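One letter stands for each residue in the lines below.
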Amino acid sequence: MKEWSKDIEIDAPIEVVWSYLDGSSLDKMKQIMPQVVDQKAVKITDEVVGSVYRQKYKEGKRIEEYDVETLEYRNTTDEKRLKVGFTLANMFEITALYELKKITDNKTYFKYTTTNNPLKWFIKLFLVFASDKVVVQFTERVRKVAETKNT
């Protein structure tokens, strides 16, 4: 299994940043994840953990469909945490963890951590060459979108 992590500070209130990550608005999610084309609830739990959403993701001309399960959830005034997991194309088990901490009323600490566990032995070789480029690009996109919408 491979893990990548990146943290940054965002010049926007914690609630603004959270609104793009918490999955409650497909339009906002698309602004930071443009490849996501649809998301529908499959199972919703009162405690949020265990909720499942069917997500459609466009890769080139193909559209992949998979179920995203909420594995961890915390939503307080000063700290927010969301961890989701899904299996992509029966080849990878992927998790994404979003952690937010309020620094000031208009500044938020954001940490993004993702793991990728290949399910086929031959795919493990490709992960040797994988870099954190996607994680860095994602955190920068979240920062840019949240700061732009905050002005």
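Structure's up top.
Here the residue numbers are simple positions, counted from 1 along each chain's written sequence. A pLDDT threshold of at least 70 governs which residues receive local features in this predicted model, and a stricter bar of 80 or more applies before side-chain atom pairs are shown or counted, although totals over entire chains, interfaces and linings include all residues. In computing side-chain properties, one takes all heavy atoms of the structure into account and sets aside hydrogens as well as water.

**Remarks on the packing of aromatic side chains**
Item 1. Only centres within 6.5 Å qualify two rings of Phe, Tyr or Trp (six-membered ring in Trp) as a pair; their planes then separate them into stacked at under 30 degrees, edge-to-face at over 60, and tilted for everything else. In this structure the tally under the stated criterion is six aromatic pairs.
Item 2. Ring geometry for Tyr98 versus Phe138: centroids 6.0 Å apart, planes at 40 degrees, classification tilted. Of this pair, Tyr98 sits in strand β6 (residues 92–104) while Phe138 sits in helix α4 (residues 133–150), and the two are 40 residues apart along the sequence.
Item 3. In this structure Tyr98 comes out as buried when scored by relative accessible area, which is 6%.
Item 4. Overall, Phe138 belongs to the buried group, its relative accessible area being 7%.
Item 5. Measuring from centroid to centroid gives 4.6 Å for Tyr112 and Phe138, while their planes differ by 50 degrees, and the two rings are tilted. With a gap of 26 residues between them, Tyr112 in strand β7 (residues 107–118) and Phe138 in helix α4 connect regions that are remote in the sequence.
Item 6. Through successive ring pairs, a cluster of aromatic residues spans Tyr57, Tyr66 and Phe86.
Item 7. Any Lys NZ or Arg CZ found within 6 Å of a ring centre and within 35 degrees of that ring's normal is scored as a charge over the ring. Sitting over the face of the ring of Tyr20, Lys28 holds its NZ or CZ atom 5.0 Å from the ring centroid. Only DSSP runs of H or I with at least four residues qualify as helices, and only runs of E with at least two residues qualify as strands; both kinds are numbered from the N terminus onward. Burial here depends on accessible area, computed with a 1.4 Å probe over protein chains only, as a share of the maximum for the residue type. Under 20% is buried, over 50% is exposed, and the range in between is partly exposed.

**Section: the nonpolar core**
Item 1. Residues enter a nonpolar core if they are buried and are Ala, Val, Leu, Ile, Met, Phe, Trp, Tyr or Cys, with the set joined through side-chain atoms within 4.5 Å. Formed by 30 residues in total, the largest nonpolar core has its most connected members in Leu21, Tyr98, Phe110 and Phe138.
Item 2. Secondary-structure elements contributing two or more residues to this core are β1 (2–10), α1 (14–21), α2 (26–32), β4 (62–75), β5 (79–88), β6, β7 and α4.
Item 3. Residue contacts are counted whenever heavy atoms from the two residues lie within 4.5 Å of one another. The contact partners of Phe110, leaving out residues within four places of it in the chain, are Lys6, Asp7, Ile8, Ile10, Leu21, Tyr98, Glu99, Leu100, Phe138, Thr139 and Val142.

**Looking at the sheet that holds strand β2 (residues 36–43)**
Item 1. Two strands qualify as a pair provided DSSP detects at least 2 bridges between them. Spatial ordering of the open sheet is given by β1-β7-β6-β5-β4-β3-β2, a layout of seven strands whose pairing is antiparallel. If you trace the sheet from one side to the other, it starts and ends with β1 and β2, each paired once. Taking the axes of each pair of neighbouring strands and ignoring which way they run, one obtains an average angle of 20 degrees across the sheet.
Item 2. As paired elements, β4 and β5 share six bridges and run antiparallel to each other. Note on β5: the bridge partner recorded for Thr70 is Val84. Note on geometry: axes are lines fitted to C-alpha atoms, helical ones only across the stretch in contact, with angles between N-to-C directions running from 0 to 180 degrees.

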